[in-house]
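One letter stands for each residue in the lines below.
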Amino acid sequence: IGVNYGTRGNNLPPPSQVVELLKNTNIGKVKLYDANPAILRAFAGTSFDITVGIPNEQIPSLVDQGAALSWMRQNVVTYLPDTRIRGIAVGNEVLAGKNSNQQLAAQLVPAMNSLQSALVTLKLNDLIKITAPQSLATLSTSFPPSSGTFRPDLAQSALVPLLTFLQATNSTFMVNAYPFMAYRSNPRDVSLAYCLFLPNSGVTDPGTQFLYSNMFGAMLDAVISAMKKLRFPDVRIGVSETGWPSLGDPSEAEVSLRNAMLYNRNLVFYISSSPGTPLRPKQQIDTYIFSLYNENLKEGPASERNYGLFRPDGSTVYDVGI
């Protein structure tokens, strides 16, 4: 289990305090959204595996191999080996997110290739893996899971090159999987218990006859099915973001402290007790909860600012067993 450490708040504690807080949890992995020097220094000498983020707007400049090598030296090599940097996340939802555009999508894999070349030059390619977290909006069909298919406008032009890169470098296809979003968009037809890992009758996939007792596993198997249709049956899958907000606007269905606690507590149990999904029952799935703190400067509905496991003062918003 990992956690996303965002910094879009004006009341967040200094990184040194964050590290001390995390030492009292059983979280082993931390994903950042940039290469914040103070944060990377704060994790020096700890056992946390760190994934450094590259903001979307930096991707175009990193297509150039020289720029990618310079970025790697400045933002990775500087902190090794004291800070255990083990991953680089290039952008966030570049192919099908609210900030996506065709030009940026076309630059994603070339930038990843340049960064990989830099890792090879620095002899770090066995230590550090490059990925690019994507939204489930890359799917055109997600239910039932066996029918999972990538969008035709993205499949050959964007996802085949991305998956080719991930396969060649033995890296992981990371997705942002939010049952909360699925419930919010269709509360009439989506069972809340199914989203929260609570007891329910489940959903049987007619294509495989697998019984799905929660939406999280069904979402991942939809992606696995979509990858298989593009002839990438063995690329590992991971979850770069998942969570449930504890507070929202009155119009936001089922946003509550109780549901946030239930979702993340049951998620932790699910990931810890069952290593994979029905389609990949033996694969451990690295999963990063969103997020470490409530971030009061995030835009959008109130829920966007209330995904945190902790308040800025270090107190727990709710206990999820970490």
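Rules and cut-offs
- Residues numbered from 1 in each chain as written.
- Predicted model: local features only at pLDDT ≥ 70, side-chain atom pairs only at ≥ 80, totals over all residues.
- Heavy atoms only, no water.
- Core = buried A, V, L, I, M, F, W, Y, C linked by side-chain atoms within 4.5 Å.
- Buried < 20%, exposed > 50% of the residue type's maximum accessible area, 1.4 Å probe, protein only.
- Helix = DSSP H or I, 4+ residues; strand = E, 2+ residues; numbered from the N terminus.
- Contact = heavy atoms within 4.5 Å.
- Pairing = 2+ DSSP bridges.
- Axes fitted to C-alpha atoms, helices over the stretch in contact; angles between N-to-C directions.
- Parallel < 35°, antiparallel > 145°, perpendicular 65-115°, else oblique.
- Left-handed = near helix turned anticlockwise from the far one by under 90°.
- Nonpolar A, V, L, I, M, F, W, Y, C, P; charged D, E, K, R; others polar.
- Expected span 1.5 Å × (residues − 1).
- Bend = angle between axes of the 7 residues up to and from the residue.

**Focus on the nonpolar core**
For step 1, the next point in the chain: Of all hydrophobic cores here, the largest spans 104 residues; its most connected members are W71, F150, F173 and M227.
For step 2, the next point in the chain: Looking at which element gives the most residues to this core, the answer is helix α8 (residues 215-229), with 10 residues.
For step 3, the next point in the chain: Those residues in contact with F150, other than ones at most four positions away along the chain, are T138, L139, S140, A155, L159, L163, F173, V223, A226, M227 and L230.

**Some points on the sheet that holds strand β4 (residues 85-90)**
For step 1, the next point in the chain: A sheet is described by the order of its strands in space; here nine strands give the open sequence β5-β4-β3-β2-β1-β13-β12-β9-β6, paired in parallel fashion. Looking at the sheet topology across the chains shown, the edges are occupied by β5 (129-131) and β6 (134-135).
For step 2, the next point in the chain: With two bridges joining them, strand β12 (residues 236-242) and strand β13 (residues 287-289) adopt parallel strand pairing. Note that in β13 the partner of T242 across the bridge is I289.
For step 3, the next point in the chain: With respect to the sheet, helix α5 (residues 152-168) is in contact with β5, β6 and β9 (172-176), its orientation differing from that of β9 by roughly 130°.
For step 4, the next point in the chain: Packed onto the sheet, helix α9 (residues 257-273) meets β12 and β13 and runs at close to 160° relative to β13.

**A word on the packing of helix α4 (residues 102-121) against α5**
For step 1, the next point in the chain: Orientation of α4 relative to α5, taken along the N-to-C sense of each, is 20°, at an axis distance of 10 Å. With respect to α5, the axis of α4 lies roughly parallel. For the element pair α4 and α5, the recorded crossing hand is left-handed. Residues V109, M112, N113 and Q116 of α4 pack against P161, L162, F165 and L166 of α5.
For step 2, the next point in the chain: For the contact of α4 with α5, a count of residues per class yields six nonpolar, two polar and no charged.

**Observations concerning unusual backbone geometry**
For step 1, the next point in the chain: Cis rather than trans, the peptide bond between F143 and P144 has omega equal to -10°.
For step 2, the next point in the chain: Residue placement: P144 occurs in the loop between β7 (139-141) and β8 (149-150).
For step 3, the next point in the chain: Here the residue pair F290 and S291 is connected by a cis peptide bond, since its omega of 5° sits within 30 degrees of zero.
For step 4, the next point in the chain: With respect to the helices and strands, S291 occurs in the segment after β13.
For step 5, the next point in the chain: Phi angles above zero are rare outside glycine, and K123 is one such case at about 60°.
For step 6, the next point in the chain: A relative accessible area of 72% places K123 in the exposed class.

**Here we look at the packing of helix α3 (residues 65-75) against α4**
Geometrically, a packed helix pair is captured by the angle between its two axes and the distance between the axes.
For step 1, the next point in the chain: At a minimum axis distance of 8 Å, the contact between α3 and α4 shows a crossing angle of 60°. When the axes of α3 and α4 are compared, the pair comes out oblique. Here α3 runs over α4; the crossing is right-handed. Seen from α3, the contacting residues are Q65, A68, L69, W71 and M72; seen from α4, they are S114, L115, S117, A118, L119 and T121.

**Focus on α5**
For step 1, the next point in the chain: Taking 1.5 Å per residue, 17 residues should reach 24 Å; α5 reaches 23 Å between its end C-alpha atoms and fits that length.
For step 2, the next point in the chain: Of all the bends in α5, the greatest reaches close to 45° and is centred on L159; the proline P161 follows between one and four positions later.
For step 3, the next point in the chain: All of the buried residues in α5 are L154, A155, A158, L159, L162, L163, F165 and L166.
For step 4, the next point in the chain: On the buried face of α5, the contacting elements are α4, β5, β6, β8, β9 and α8.
For step 5, the next point in the chain: Looking one or two residues beyond α5, the residue adopting positive phi is N170, at roughly 55°.

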